[in-house]
Amino acid sequence: MRLSRYFLPVLRETPKEAEIVSHQLMLRAGLVKQASAGIYSWLPLGLKVLKKIESIVREEQNRAGAVELLMPTIQSADLWRQSGRYEAYGKEMLRIQDRHEREMLFGPTAEEVITAIFRDFVKSYKDLPKNLYNIQWKFRDEIRPRFGVMRGREFLMKDAYSFDLTPEGARDAYNRMFVAYLRTFARLGLKSVPMKADTGPIGGDLSHEFIILADTGESQVFCHKDLIDGAIPAPDTDFDGDLSGIVKTWTSLYAATEEMHDAARFAADVPQDKQVSARGIEVGHIFYFGTKYAEPMGARVQGPDGSMITLQMGSYGIGVSRLVGAIIEACHDKAGIVWPVPVAPFEAAIVNLKAGDADTDKACADLYGKLQAAGIDVLLDDTDERAGAKFSTMDLIGLPYQVVVGPKGVKAGEVEIKHRKSGEKETLSPDAAVERVVALVKGQRVLV
């Protein structure tokens, strides 16, 4: 993509309403624009990041055996009355009426819809187990939306739902999602810490939050160092096998937030050289809640002996749009965003220091064509901005690698590669620079 044709409305000043780093940088880098309180338009650069995160989440759900469908944003109040949650949910639910005065709502979650779908189509134990997932926009009318996409009212969620005949089968499904989450966050370039959590209004008796570490995180995290350095389950992990050993390894180590922290237990359970205290952000939450929704909504199947058995269920959420902000909180410096390669809106940039100069333009066009041919998602800055402004913009939007091309370098047969994360610079021939960028990018696209 040529920057002269792209839509990238960057801001030089930090908007006053932005309270945290991710909100500031998302506005300044032209990722989003606020439409109203807690609701954002996703601009081209932000949408590319959102789609890349969504793609990785989808790949890992598919790998774990989940099946994608798409549920509506607008739901019937009648379904929520069947589960008993309509009156209990509170003012976070946006209640509306259609032209026939039927009560509807903008879905804050989808347990009722998915339970009704499964109840109406699956009648026999032979069709179990199943895990269905949905990546869809949700709405919760937060009393005080803040922190940009980290606590907005409209947000993109991946929510999966497992259906099993027995509690043992449901725990197997829970373990599959637990392992899938470890892989998902690692592929996004993040360190995630799973910790036991309250089930809250979702219900049930088994739940884990997945926390990523960030210096500017919303809560303090206390955990065993091995949770941060632990080996991520490999791509060839058998999701049809017994994953309880992997889950036990990760859940046997101490992890808690400041609200749950037991200082005495932390000191007793974790060797001093393994104690980690850091800031963290919740990006995923998984639940096993048994028959909480299946029982009131009549979700039953015929068992092997002909008797009717109420389904065992679990739900598994990832905040896809929230992750954009969370990644920025974990990956930034004073100059701007520092995207991990797998989620970067463009993997590399070519910076033309003298647009309009025939030789420099030709060198940039040649690099651009070769990087595109090698499968690199590249942005060519072919604008006539001054060099300082170009460098500031590139550092702000955080693309992993910058290939800087100027008249002097072209005459000398050289270009410069800047590594955004480390600040390291390399001077190479144009062809060597192409090979170097391709190797760097492809080596980091899949981190696990």
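Rules and cut-offs
Note on numbering: residues in each chain are counted from 1, in written sequence order. In keeping with the model being predicted, local features are shown solely for residues with a pLDDT of at least 70 and side-chain atom pairs are shown and tallied solely at 80 or more, while totals for entire chains, interfaces and linings include all residues. For side-chain calculations, the full set of non-hydrogen atoms in the structure is used, while hydrogens and water are omitted. Per the convention used, a helix needs a DSSP run of H or I reaching at least four residues, while a strand needs a run of E reaching at least two, with both numbered from the N terminus. Atoms counted for the radius of gyration: C-alpha only. Globule rule: 2.2 Å times the number of residues to the power 0.38. Each residue is placed in one exposure class: buried if its accessible area under a 1.4 Å probe, protein chains only, is under 20% of its type's maximum, exposed if it is over 50%, and partly exposed if it falls in between. When checking whether two residues touch, look at their non-hydrogen atoms; a contact exists if any pair is within 4.5 Å. Reported accessibility uses the Shrake-Rupley method at a 1.4 Å probe radius. Residues are deemed covered only where the shown protein chains occlude them. Charge convention: Lys and Arg are scored as positive, Asp and Glu as negative, and His as well as the terminal groups of each chain are ignored. Throughout, a charge is located at the NZ atom of Lys, the CZ atom of Arg, the CG atom of Asp or the CD atom of Glu. Throughout, an axis means a line fitted to C-alpha atoms (over the contacting stretch in the case of helices), and angles, computed between N-to-C directions, take values from 0 to 180 degrees. If you view the pair so one helix is near and one far, a crossing is left-handed when the near helix is turned anticlockwise from the far one by less than a right angle, and right-handed when it is turned clockwise. Amino acid classes used here: Ala, Val, Leu, Ile, Met, Phe, Trp, Tyr, Cys and Pro are nonpolar; Asp, Glu, Lys and Arg are charged; the rest, including Gly, are polar. Pairs of N or O atoms within 3.5 Å make up the polar contacts considered here, provided that, within protein, one atom can donate a hydrogen while the other can accept it, and that residues adjacent in sequence are counted only when both atoms are side-chain atoms. For this analysis, a salt bridge means a side-chain nitrogen from Lys or Arg found within 4 Å of a carboxyl oxygen belonging to Asp or Glu. A pair of strands is considered paired only if DSSP assigns at least 2 bridges between the two. Stacked, tilted and edge-to-face are the three classes assigned to paired rings of Phe, Tyr and Trp, where Trp is represented by its six-membered ring and a pair needs centres within 6.5 Å; plane angles under 30 degrees give stacked, over 60 edge-to-face, the rest tilted. As a reminder, the over-ring test applies to NZ of lysine and CZ of arginine, requiring each to be within 6 Å of the ring centre and within 35 degrees of the ring normal. An angle below 35 degrees is read as roughly parallel, one above 145 as roughly antiparallel, one from 65 to 115 as roughly perpendicular, and any other as oblique.

Observations concerning the overall build of the protein chain
Reasoning step 1: Counting its regular elements, the protein chain contains 14 helices and 23 strands.
Reasoning step 2: Its C-alpha atoms give the protein chain a radius of gyration of 24 Å, near enough to 22 Å, the size a compact globule of 448 residues would have.
Reasoning step 3: Going through the 448 residues of the protein chain one by one, you find that 53% of them count as buried.
Reasoning step 4: Counting only contacts in the protein chain whose residues sit at least 6 apart along the sequence, the fraction spanning at least 24 positions is 72%.
Reasoning step 5: For the protein chain, the computed accessible surface area is about 19800 Å², with 50% contributed by carbon and sulfur atoms.
Reasoning step 6: Distance from the positive charge centre (57 side chains) to the negative charge centre (62 side chains) of the protein chain: 3 Å.

A closer look at helix H1 (residues 21-28)
Reasoning step 1: With six of eight residues buried, H1 lies mostly within the body of the structure.
Reasoning step 2: Regarding H1, the residues found buried are Ser-22, His-23, Leu-25, Met-26, Leu-27 and Arg-28.
Reasoning step 3: Check the buried side of H1 and you find it contacts strand S1 (32-36), strand S2 (39-42), helix H10 (320-330), strand S17 (332-333), strand S18 (336-337) and helix H12 (387-397).
Reasoning step 4: Two residues or fewer past H1, Gly-30 is found with a positive phi of approximately 70°.

Some words on the packing of helix H5 (residues 167-187) against helix H7 (residues 244-251)
Reasoning step 1: For the pair H5 and H7, the least separation of the axes is 9 Å and the interaxial angle reads 60°. The two elements H5 and H7 cross, and the hand of that crossing is left-handed. Taking contact as the criterion, the partners of Asn-175, Phe-178, Val-179 and Leu-182 in H5 are, on H7, Ser-244, Ile-246, Val-247, Trp-250 and Thr-251.
Reasoning step 2: Broken down by class, the residue content of the contact of H5 with H7 amounts to six nonpolar, three polar and no charged.

Comments concerning the side chain of Lys-390
Reasoning step 1: With respect to the helices, strands and loops of the structure, Lys-390 is situated in helix H12.
Reasoning step 2: Engagement of the side chain of Lys-390 in a polar contact is seen with the backbone oxygen of Asn-352, the distance being 2.8 Å.
Reasoning step 3: At a separation of 3.2 Å, a polar atom in the side chain of Lys-390 contacts the side chain of Asp-381.
Reasoning step 4: What Lys-390 contacts, discounting residues up to four positions off in sequence, is Val-351, Asn-352, Asp-381, Asp-382, Thr-383 and Glu-385.

Details of the pattern of salt bridges
Reasoning step 1: Scanning the entire structure with this criterion turns up 32 salt bridges.
Reasoning step 2: Here Glu-103 ties to Arg-81 by a salt bridge, and the two come within 2.6 Å at their closest N and O atoms. Of this pair, Glu-103 sits in strand S6 (residues 103-106) while Arg-81 sits in helix H3 (residues 77-83), and the two are 22 residues apart along the sequence.
Reasoning step 3: Classification of Arg-81 as partly exposed rests on a relative accessible area of 37%.

What to know about the sheet that holds strand S21 (residues 401-405)
Reasoning step 1: With mixed pairing, five strands are arranged side by side in an open sheet as S20-S19-S21-S22-S23. Each of the sheet's edge strands pairs with one partner strand only, and the pair in question is strand S20 (378-381) and strand S23 (425-428). For this sheet the average axis-to-axis angle between neighbouring strands, irrespective of direction, equals 20°.
Reasoning step 2: The sheet contact formed by strand S19 (residues 348-352) and S21 spans five bridges and is parallel. Across the sheet, residue Ile-350 finds its bridge partner in S21, namely Val-403.
Reasoning step 3: Relative to the sheet, helix H11 (residues 358-373) contacts S19, S20, S21 and strand S22 (415-419), its axis offset from that of S19 by approximately 170°.
Reasoning step 4: Strand contacts of H12: S19, S20, S21 and S22, with the helix running at about 170° to S19, the strand carrying the most contacts.

Quick word on the packing of aromatic side chains
Reasoning step 1: Counted by the stated rule, this structure contains twelve aromatic pairs.
Reasoning step 2: Taking 5.3 Å as the distance between ring centres and 40° as the angle between the ring planes, the aromatic pair formed by Phe-106 and Phe-139 counts as tilted. Of this pair, Phe-106 sits in strand S6 while Phe-139 sits in strand S7 (residues 130-139), and the two are 33 residues apart along the sequence.
Reasoning step 3: Of the residues examined, Phe-139 reaches a relative accessible area of 5% and is grouped as buried.
Reasoning step 4: In this structure, Lys-48 packs its charged tip against the face of Phe-346, placed 3.9 Å from the ring centre.
Reasoning step 5: The ring of Tyr-293 carries Lys-292 above its face, with NZ or CZ at 5.5 Å from the centroid.

Considering the packing of helix H2 (residues 44-63) against H5
Reasoning step 1: Closest axis-to-axis distance for the H2/H5 pair is 9 Å, and the angle between their directions is 150°. By the angle between their directions, the pair H2 and H5 is classed as roughly antiparallel. For the crossing formed where H2 meets H5, the hand is right-handed. Counted together, Ile-56, Val-57, Glu-59, Glu-60, Gln-61 and Arg-63 of H2 and Met-177, Ala-180, Tyr-181, Arg-183, Thr-184 and Arg-187 of H5 form the full contact between these two elements.
Reasoning step 2: Taken together, the residues that form the contact of H2 with H5 break down as five nonpolar, two polar and five charged.

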